[in-house]
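Structure at a glance
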Amino acid sequence: MRCVFCGHEFEESDGVTGCGACPGGCHGIHCPKCGYKNIQEPVFLKRLKNMITKRNKEQTS
Ligand SMILES: [Zn+2]
């Protein structure tokens, strides 16, 4: 995923989750570079995006 704050690309597993500092529990992924809390994409949204990009590729080629 890409950090929306600094643009640094990192694996979700490399991000810091559950920092304990966020109120109400931390569900975001903190950028390992700048520490910005990125919102984790729900799995269904990823699947939806994959479907859309696949469809777009089929249309353009
Ligand atoms: Zn960042």
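Thresholds, definitions, all that
Residues numbered from 1 in each chain as written. Predicted model: local features only at pLDDT ≥ 70, side-chain atom pairs only at ≥ 80, totals over all residues. Helix = DSSP H or I, 4+ residues; strand = E, 2+ residues; numbered from the N terminus. Buried ≥ 20, exposed ≤ 12 C-beta atoms within 10 Å, placed from the backbone. Contact = placed C-beta atoms within 7 Å. Pairing = 2+ DSSP bridges. Expected span 1.5 Å × (residues − 1).

1. Focus on the overall build of the protein chain
When you go through the protein chain residue by residue, the secondary structure sums to one helix and three strands. Order of helices (α) and strands (β) in the protein chain, N terminus to C terminus: β-β-β-α. Counting across all 61 residues of the protein chain, residues that qualify as buried make up 8%. Here the contacts in the protein chain between residues at least 6 apart in sequence split such that 35% fall between residues at least 24 apart.

2. Quick look at the environment of Asp14
Along the chain, Asp14 falls in the segment before strand E1 (16-17). Each C-alpha atom, one on Asp14 and one on His30, is 9.1 Å from the other, the two residues being 16 residues apart in sequence.

3. Topic: the sheet that holds E1
Taken in spatial order, the three strands line up as E1-E2-E3 in an open sheet, and their pairing is antiparallel. Pairing within the sheet leaves two strands with one partner each, and these edge strands are E1 and strand E3 (37-38). With two bridges connecting them, E1 and strand E2 (residues 29-30) associate as antiparallel partners. Of the residues in E2, the one forming a bridge with Val16 is His30.

4. Observations concerning helix H1 (residues 43-60)
Taking 1.5 Å as the rise per residue, H1 with 18 residues should run 26 Å; its terminal C-alpha atoms sit 26 Å apart, in good agreement. By the criterion of burial, H1 is predominantly exposed, with just zero of the 18 residues buried.

5. Digging into the environment of Gly7
With respect to the element layout, Gly7 can be found in the segment before E1. Note on Gly7: 10 C-beta atoms within 10 Å, which makes it exposed. Residues Gly7 and Lys33, 26 residues apart in the sequence, show an inter-C-alpha distance of 9.7 Å.

6. Some thoughts on the environment of Gly35
Relative to the elements of secondary structure, Gly35 occurs in the loop between E2 and E3. Separated by 32 residues in sequence, Gly35 and Cys3 have C-alpha atoms that sit 9.2 Å apart.

Distances and angles like these do not, on their own, reveal function.
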